Amino acid sequence: MNRSTVERIYSSFFADGLEAIMKQALERSLTSVTVHECGKGLIVYSSSEPLRRVKALRFFRNTFLLLRRLNLPEGSSVDRALKTLAGDGETGVMVQRTGVGLRGTFRMIIAEGSRLIPAKPASIESVERMICEATGLRVNRSLPDHEFWLHMRSDGLMLFSLRITRHKAAEQALEKGELHPEIVDILCRLSDPQKGELFLDPFAGSGAIPIARASNFPCCTVLANDGDEEKVALLKTKMARLKLQKHVVVRRMDALRMERYQNECFDKIVTDPPWGLFRKLPFAPHKFFGKMLAEFCRVLKPGGRVVILMSREHPLDAIRANAAPALQLSSRYDILLSGKKASIYELTKRVPEARREATATTAKGVAPRATLIT
Ligand SMILES: C[S@@+](CC[C@H](N)C(=O)[O-])C[C@H]1O[C@@H](n2cnc3c(N)ncnc32)[C@H](O)[C@@H]1O
């Protein structure tokens, strides 16, 4: 059989609260996919697309090849789960099949939700023995080539799988405050990236959002601003190193006073403003975020979109209604980010009635591209 037509079952993990977005992103990214289950930060699906295409999905925190799904009585202990696994013939067959292409070493990881949990050494060793015999892999508990995971759920469902993505965050050694790549990917996706658009991140920090937008989505011009001189200098060096300077313009600028930009010049703004948790905001949060929204609204084209990731400490809904009523809330997603409550807001700038009518009469009219004041 052609390897690329083999249907495999996968489980992928993501931040709680993004279920609807993840299902949609998955169905848009793979042509052959069937979603079996999606809830509480986990999606289980099957696909006959090549493994490398599934591995390449950036919006998941981690993806696993599902080897066995077992239902145990609710509240079963982890040791009982491991014993069941070690003695289960079907699991052995799946591990053997999957192990054909694997070389080197492995370790077992046991998790409940997003928490790693301990188990009796003897129980873990019984599963390790089964994997060694079925695959020829050797155990290395500190720096293995592969990881087999047992995900336990409180309802008794147990997912035994092989991890196919690596620790992206650890590998890339994220800078202080830098967003995780999967969240950055989601924020960019929510902005509905289009070729040729003018895109702004006015609180760019390490540049995670501008870099992802310029590297992974249709070509556009990205403005990456930050108020911190040191960060801006580092960001300029980084863009040069990544050879992105043709697509990303880095500038030092106060996001609350972007006088350098004309009214209505940007198509999209995607950003992660200061949360005000570790360092106090220069003035009261409602004032800071009010000024921010008013300025976003000014520089955004009618019909343009804003995607903002914020701490849930400062809900934007009331602030928006006062400071920038033309920015209409399209969606809000409440998520958990490294254990902290956050919200993603998707806002769209209202198109004035008169302009909507004018556009309708200018048949086939394409809005002229605004120019930036440089
Ligand atoms: C939460 S961090 C952004 C982190 C970024 N998304 C990343 O992944 O690295 C907020 C950033 O806003 C910048 N900042 C704070 N106040 C600002 C202002 N008034 N204008 C522009 N930048 C500001 C800070 O220097 C910081 O880099």
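In this text, all values refer to a predicted model and were calculated from it rather than measured experimentally.

Observations concerning the overall build of the protein
Part 1 of the argument: Scanning the protein for helices and strands turns up 12 helices and 16 strands.
Part 2 of the argument: When the backbone C-alpha atoms are referred to their principal axes, the protein occupies close to 70 × 50 × 40 Å.
Part 3 of the argument: Per-residue burial over the protein gives 35% buried out of 374 residues.
Part 4 of the argument: Partitioning the intrachain contacts of the protein with sequence separation of at least 6 by distance along the chain shows that 72% fall at a separation of at least 24.

A closer look at the sheet that holds strand β11 (residues 221–226)
Part 1 of the argument: Strand order in the open sheet made by the seven strands is β12-β11-β10-β13-β14-β16-β15, with mixed pairing throughout. Two strands bound the open sheet, and with one partner strand each, they are β12 (248–252) and β15 (327–337). For this sheet the average axis-to-axis angle between neighbouring strands, irrespective of direction, equals 15 degrees.
Part 2 of the argument: Direction of pairing for strand β14 (residues 300–311) relative to strand β16 (residues 340–349): antiparallel, over a ladder of seven bridges. Residue Leu 309 lies in a different strand from β16, and its bridge partner there is Ile 344.

Regarding the domain arrangement of the protein
Part 1 of the argument: Looking at the assigned domains, one finds that the protein contains domain 1 (3–171) and domain 2 (175–361).
Part 2 of the argument: If you average the C-alpha positions of domain 1 and of domain 2, the two centres end up 35 Å apart.
Part 3 of the argument: Counting residues at the interface gives 13 residues for domain 1, matched by 13 residues for domain 2.
Part 4 of the argument: If you list the elements that add at least two residues to the side of domain 1 that touches domain 2, you get α1 (19–29) and α6 (168–172).
Part 5 of the argument: Along the lines of polarity and charge, the residues of the side of domain 1 that touches domain 2 split into eight nonpolar, one polar and four charged.

A look at the site of the ligand
Part 1 of the argument: Phe 203, Gly 205, Ser 206, Ala 208 and Gly 227 are the nearest of the 19 residues found near the ligand.
Part 2 of the argument: Here the shell around the ligand is composed, by residue class, of nine nonpolar, four polar and six charged.

Observations regarding the pairing of strand β5 (residues 105–112)
Within a regular strand, the side chains alternate between the two sheet faces.
Part 1 of the argument: Note: β5 against strand β7 (residues 138–139), two bridges, orientation parallel. The residue of β7 that forms the bridge with Phe 106 is Val 139.
Part 2 of the argument: As defined by bridge partners, β5 adjoins strand β8 (residues 146–152) across seven bridges and the pair is classed as parallel. Bridged to Ile 109 within β8 is Trp 149.

Notes on the nonpolar core
Part 1 of the argument: Ranked by internal contacts, the top residues of the largest apolar core, which has 93 residues, are Leu 150, Leu 187, Leu 293 and Phe 296.
Part 2 of the argument: Those residues in contact with Leu 187, other than ones at most four positions away along the chain, are Ile 209, Val 270, Val 307, Leu 309 and Ile 344.

Points about helix α10 (residues 285–299)
Part 1 of the argument: With 15 residues, α10 extends 21 Å from end C-alpha to end C-alpha; this agrees with the ideal 21 Å at 1.5 Å per step.
Part 2 of the argument: Restricting attention to buried positions, one finds in α10 the residues Phe 289, Met 292, Leu 293, Glu 295, Phe 296, Cys 297 and Val 299.
Part 3 of the argument: Tucked into the core, α10 has its buried residues touching β13 (266–271), β14, α11 (316–323), β15 and β16.

A closer look at the pairing of strand β2 (residues 34–39)
Part 1 of the argument: Direction of pairing for β2 relative to strand β3 (residues 42–47): antiparallel, over a ladder of five bridges. For Val 35, the partnering residue across the bridge sits in β3 and is Tyr 45.
Part 2 of the argument: Linkage of β2 to β3, two consecutive antiparallel strands, is achieved through a turn of two residues, within which Lys 40 is found at a positive phi near 45 degrees.

Comments concerning unusual backbone geometry
Peptide bonds are mostly trans, and most non-glycine residues show a negative phi.
Part 1 of the argument: Here the phi dihedral of Lys 40 falls at roughly 45 degrees; this positive angle occurs in a residue that is not glycine.
Part 2 of the argument: A tally of 12 C-beta atoms within 10 Å means that Lys 40 is categorised as exposed.
Part 3 of the argument: Of note in the backbone geometry, Glu 264 takes a positive phi value of approximately 55 degrees without being a glycine.
Part 4 of the argument: Among the structural elements, Glu 264 can be located in the loop between β12 and β13.

Notes on the environment of Leu 150
Part 1 of the argument: Relative to the assigned elements, Leu 150 resides in strand β8.
Part 2 of the argument: With 23 C-beta atoms packed within 10 Å, Leu 150 lands in the buried category.
Part 3 of the argument: For Leu 150 and Leu 85, which are 65 residues apart along the polypeptide, the C-alpha to C-alpha distance reads 9.3 Å.
Part 4 of the argument: With residues up to four places along the chain from it excluded, the contact list for Leu 150 reads Ala 81, Leu 82, Leu 85, Met 108, Ile 110, Met 158 and Phe 160.

Looking at the environment of Ser 46
Part 1 of the argument: Counting through the fold element by element, Ser 46 comes out in strand β3.
Part 2 of the argument: Measuring from C-alpha to C-alpha, the distance between Ser 46 and Ile 9 comes to 4.2 Å, with 37 residues separating the pair along the chain.
Part 3 of the argument: With residues near it in sequence (within four places) discarded, Ser 46 still touches Glu 7, Arg 8, Ile 9, Thr 34 and His 36.

Re helix α9 (residues 229–241)
Part 1 of the argument: The terminal C-alpha atoms of α9 lie 19 Å apart, and with 13 residues this matches the ideal 18 Å at 1.5 Å per residue to within 8%.
Part 2 of the argument: All of the buried residues along α9 are Lys 231, Leu 235 and Met 239. Along the axis of α9, the buried positions cluster into a sector of 70 degrees, meaning they face one direction only. Residues Glu 229, Glu 230, Ala 233, Thr 237, Ala 240 and Arg 241 are exposed on α9 and point more than 90 degrees away from its buried face.
Part 3 of the argument: Buried residues along α9 sit in contact with β11 and β12.
Part 4 of the argument: Immediately downstream of α9, the backbone of Lys 243 shows phi near 55 degrees, a positive value.

Conventions used here
- Position labels on residues start from 1 in each chain and follow its written sequence.
- Predicted model: local features are reported for residues with pLDDT of at least 70 only, side-chain atom pairs are reported and counted for 80 or more only, and whole-chain, interface and lining totals are derived from all residues.
- We count a stretch as a helix when DSSP gives it H or I for four or more residues in a row; a strand needs E for two or more, and each element gets its number in order from the N terminus.
- Three exposure classes are used, all based on how many other C-beta atoms lie within 10 Å of a residue's own C-beta (placed from the backbone): buried at 20 or more, exposed at 12 or fewer, and partly exposed between those limits.
- Contacts are defined on C-beta atoms placed from the backbone: any two residues whose C-beta positions lie within 7 Å are in contact.
- DSSP calls a pair of strands paired once it identifies at least 2 bridges connecting them.
- Fitted lines through C-alpha atoms serve as axes, helices being fitted only where they are in contact, and the angles separating the N-to-C directions of these axes extend from 0 to 180 degrees.
- Those domain boundaries reflect an automatic or database domain assignment.
- Gly falls in the polar group here, along with every residue not listed as nonpolar (Ala, Val, Leu, Ile, Met, Phe, Trp, Tyr, Cys, Pro) or charged (Asp, Glu, Lys, Arg).
- Should the C-beta atom of a residue, placed from the backbone, lie within 6 Å of a molecule or strand, that residue is near it.
- As used throughout, a nonpolar core is a set of buried Ala, Val, Leu, Ile, Met, Phe, Trp, Tyr and Cys residues joined through C-beta atoms within 7 Å of each other.
- Expected helix span is given by 1.5 Å per residue-to-residue step, counting one fewer step than there are residues.
- Directions pointing from the helix axis toward each C-beta atom define the arc.

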